[in-house]
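Below are the chains, spelled out letter by letter.
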Amino acid sequence: MRLLFVSSEVYPFAKTGGLADVSEALPRALANLGADVRILMPAYGCALRTVSRPQPIADLSGILGVQDARLLSARLPGSDIPVWLADAPELYQRDGLYQNSQGEDWPDNARRFAFLSHVAARIGLSALEPRWQPDVIHANDWHTGLVPLLVSAHAQRPACVFTLHNLAFQGLFPAECVAGLDLPPGSFSPDGAEYYGKISFLKAGIRFADKLTTVSPTYAREILTEEYGFGLDGLLRSRASNLTGILNGADYGIWDPTYDASLPANYDFSGLNGKKLCKATLQQELGLARNPDLPLLAFISRMTEQKMADVLLEIMPKLAQQNLQLCVLSDGDHGLEQRFREMAHAHTGTFAVRIGYQEALAHRMLAGADLLLAPARFEPCGLTQIYGMRYGTVPVVRATGGLADTVVDTSRTSISDGTATGFVFADPSVAGLWEAILRAVAFYREPLAWRRLQLNDMKQDFGWHRSANAYLSLYQSLTADLPAVTSGVAVVAGSKPEPATEKATA
Ligand code: ADP
């Protein structure tokens, strides 16, 4: 199985969230199952600073009129997996993957990610690297949504799988962009990638991929409804027979307190002394009162309404009246960031807020905290609650998407039958989150029951093996159906392939 895995972010080269973690871990797990995987991503400045000795392997100049561009080859750390970097300095050499420092989207995002998609399509059609033709291209999220559209215009082509990591981000751009994207004729139509007068990269992926996946079974059901479908539920329902929910996993090579090099002490379920030291060190690092007995809550997340950061902010005055501590590591909405800072300022020693993106601190918080707050209005999968469990940091989550699929609510029954793993609430409101936190904190004050809950969490196995097998089966089901790509099929910049045709799977 030759697989080209295309993603806008891949840890450790570039990361803004869970997509990067998945794009590192899933290809690695697939390679372990014997797949011949290559990863394609943009050569952002941060990526080029992370790779060692990237080798140029193909010329990309001319694609979308970009003159200075090449394909570089590096390796995923600690593996033989090739990472191909689309190096086009005018598109990718800037701070911020998608936005400038003011939080504004780069004005040429449509061109930047259309370029990435064209590179993927050319590799898929063996126009760039004739010695290696993928059987399947696995594209991820809106940044790569044009890949299935570009590839589907060809009779002889690889199969395309498109994974929806978050329907809230759709890659919507004004119609004026379309002319510069070198799309097949007819692409900008209601039956193609047009969405209410704009072009939607996400719609293109949904419409033209052979198979769609999303990152948890519950989210796969939710997105078929108006409430969670972000305007695409109708299209998704029309493709429901080709949509599967496959739960994300954790790369325990990175997210396990037994080996985690970011921690002041390592530990595992055989003894939690190391965790106590992690807590004391974290309290000191963040300027919190050094008290081992106070429950320490952590929120490690993008600062958005999706993650209910606004709701957390609302209950912070009430939390300050409780005997507990809260640490926050987050960035996103500038208005919310400022209000969190003010809240921390008003309650030093009780609340600690760090605005920004700090990978190692995220690990130290996961280890040092007692409770991991992962509320969400919607959550395709969520990874922090999965990581939290391995660190013995009990998650508090809302019953939605992957949170519902990974956390079992704690009750006397679920504690005694050994299934409890966290605290789950239904209503995405102040009252909902507040009630769950109170329940969790009350439980924390029962040391024996708490210890049992922690150990149960630490023994959960969300490793990638099962889900990687599910992806492999999906790829295999597709390759049997499609004609192989023959060497020499090449799309050159500016050429216009035949219009996209309705595929049997659509
Ligand atoms: P999403 O992808 O929606 O942002 P996930 O829970 O799937 O949420 O993944 C979030 C990932 O990003 C985790 O690896 C988490 O540790 C990390 N993360 C989120 N915010 C920060 C931050 N401010 N600093 C460091 N890591 C963060």
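Because the structure is a prediction, the values reported are computed rather than measured.

Draft legend 1. Local environment of the sheet that holds strand β7 (residues 159-164). Read across the sheet, nine strands follow the order β3-β4-β5-β2-β1-β6-β7-β11-β12 without closing on themselves; strand pairing throughout is mixed. The outermost strands of the open sheet, each flanked by one partner alone, are β3 (55-59) and β12 (243-245). When the angles between neighbouring strand axes are averaged without regard to direction, this sheet yields 25 degrees. Relative to β12, strand β11 (residues 211-214) runs parallel, the two sharing three bridges. By the bridge assignment for β12, Thr 213 is matched with Thr 244.

Draft legend 2. Region of the structure containing the site of the ligand. In the vicinity of the ligand lie 18 residues, with Gly 18, Asp 21, Arg 302, Lys 307 and Gly 356 positioned nearest. One nitrogen or oxygen atom from the main chain of Gly 18 is found 2.6 Å from an oxygen atom belonging to the ligand. Contact distances for the ligand include 2.8 Å between an oxygen atom and a backbone N or O atom of Leu 383. In isolation the ligand exposes 560 Å². Once the protein is present, 93% of that is buried. Split into classes, the residues belonging to the shell around the ligand amount to six nonpolar, eight polar and four charged. Each of domain 1 (2-249 + 465-479) and domain 2 (273-458) accounts for three or more of the residues forming the shell around the ligand.

Draft legend 3. Structural detail: unusual backbone geometry. Tyr 11 connects to Pro 12 through a cis peptide bond whose omega is 5 degrees. Examined against the element boundaries, Pro 12 turns out to sit in the loop between β1 (2-6) and α1 (18-32). Despite not being glycine, Asp 141 shows a phi value in the positive range, around 60 degrees. Inspection of the secondary structure assignment puts Asp 141 in the loop between β6 (136-140) and α5 (146-152). At Met 308, a residue that is not glycine, the phi angle is positive and equals roughly 60 degrees. On the secondary structure map, Met 308 appears in the loop between β13 (296-303) and α10 (309-319).

Draft legend 4. View of the packing of aromatic side chains. Taken as a whole and judged by the stated rule, the model has 14 aromatic pairs. Ring plane angle 80 degrees and centroid distance 5.6 Å describe the contact between Trp 84 and Trp 132, whose orientation is recorded as edge-to-face. One end of the pair, Trp 84, is in strand β5 (residues 82-87); the other, Trp 132, is in the loop between α4 (109-124) and β6, and 48 residues separate them in sequence. Relative accessible area serves as the criterion here: at 2%, Trp 84 is assigned to the buried category. Taken together, a centroid distance of 6.4 Å and an interplanar angle of 35 degrees make the contact between Tyr 471 and Tyr 475 tilted. Here Tyr 471 and its partner Tyr 475 are both found in helix α18 (residues 465-479), four residues apart, which amounts to about one turn of the helix. Relative accessible area serves as the criterion here: at 1%, Tyr 471 is assigned to the buried category. Chaining the aromatic ring pairs together yields one cluster made of Tyr 98, Phe 113, Trp 142, Phe 173 and Phe 201. Here Arg 94 stacks its cationic end above the ring of Trp 106, 4.9 Å away from the centre of that ring.

Draft legend 5. View of the domain arrangement of the chain. In terms of domain boundaries, the chain breaks down into domain 1 (2-249 + 465-479) and domain 2 (273-458). Here domain 1 and domain 2 have C-alpha centroids that lie 32 Å from each other. At the interface, 25 residues of domain 1 touch 20 residues of domain 2. For the pair domain 1 and domain 2, the two sides together bury roughly 1,500 Å², of which 57% comes from carbon and sulfur. A per-residue breakdown of the area domain 1 buries against domain 2 is headed by Lys 15, Tyr 228 and Leu 247, which together make up 23% of the total. In this assembly, domain 1 and domain 2 are joined by one salt bridge. Notably, a salt bridge pairs Glu 359 with Lys 15, separated by 3.1 Å at the nearest N-O pair. The interface formed by domain 1 and domain 2 contains nine residue pairs in polar contact (both at pLDDT 80 or more). For the side of domain 1 that touches domain 2, the secondary-structure elements that each account for two or more residues are α1 and α7 (217-222). Per element, the largest residue contribution to the side of domain 1 that touches domain 2 is four residues, and it comes from α7.

Draft legend 6. Structural detail: the confidence of the model for the chain. With 95% of its residues at a pLDDT of 70 or more, the chain has an overall mean of 93. Below a pLDDT of 50 lies the segment residues 485-506, which in the model reaches 57 contacts outside its immediate sequence neighbourhood of four places, other chains included.

Draft legend 7. Representation of the side chain of Asp 233 in the model. Examined against the element boundaries, Asp 233 turns out to sit in helix α8 (residues 233-238). If sequence neighbours within four positions are ignored, Asp 233 has contacts with Ile 223, Leu 224, Thr 225 and Glu 226.

Draft legend 8. Expanded view of helix α17 (residues 447-459). Between the first and last C-alpha of α17 there are 18 Å, a value that for 13 residues agrees with the 18 Å anticipated at 1.5 Å per step. Buried within α17 we find Ala 449, Trp 450, Leu 453, Gln 454, Leu 455, Asn 456, Asp 457 and Met 458.

So, how was this worked out
Residues numbered from 1 in each chain as written. Predicted model: local features only at pLDDT ≥ 70, side-chain atom pairs only at ≥ 80, totals over all residues. Heavy atoms only, no water. Pairing = 2+ DSSP bridges. Helix = DSSP H or I, 4+ residues; strand = E, 2+ residues; numbered from the N terminus. Axes fitted to C-alpha atoms, helices over the stretch in contact; angles between N-to-C directions. Near = heavy atom within 4 Å. Polar contact = N/O pair within 3.5 Å; in protein donor to acceptor, adjacent residues only side chain to side chain. Areas by Shrake-Rupley, 256 points an atom, 1.4 Å probe, with all protein chains shown as cover. Nonpolar A, V, L, I, M, F, W, Y, C, P; charged D, E, K, R; others polar. Domains from an automatic or database assignment. Phe/Tyr/Trp six-rings, centres within 6.5 Å; stacked < 30°, edge-to-face > 60°. Buried < 20%, exposed > 50% of the residue type's maximum accessible area, 1.4 Å probe, protein only. Lys NZ or Arg CZ within 6 Å of the ring centre and 35° of its normal. Contact = heavy atoms within 4.5 Å. Buried area = accessible area lost by both parts, 1.4 Å probe. Salt bridge = Lys/Arg side-chain N within 4 Å of Asp/Glu carboxyl O. pLDDT = per-residue confidence, 0-100. Expected span 1.5 Å × (residues − 1).

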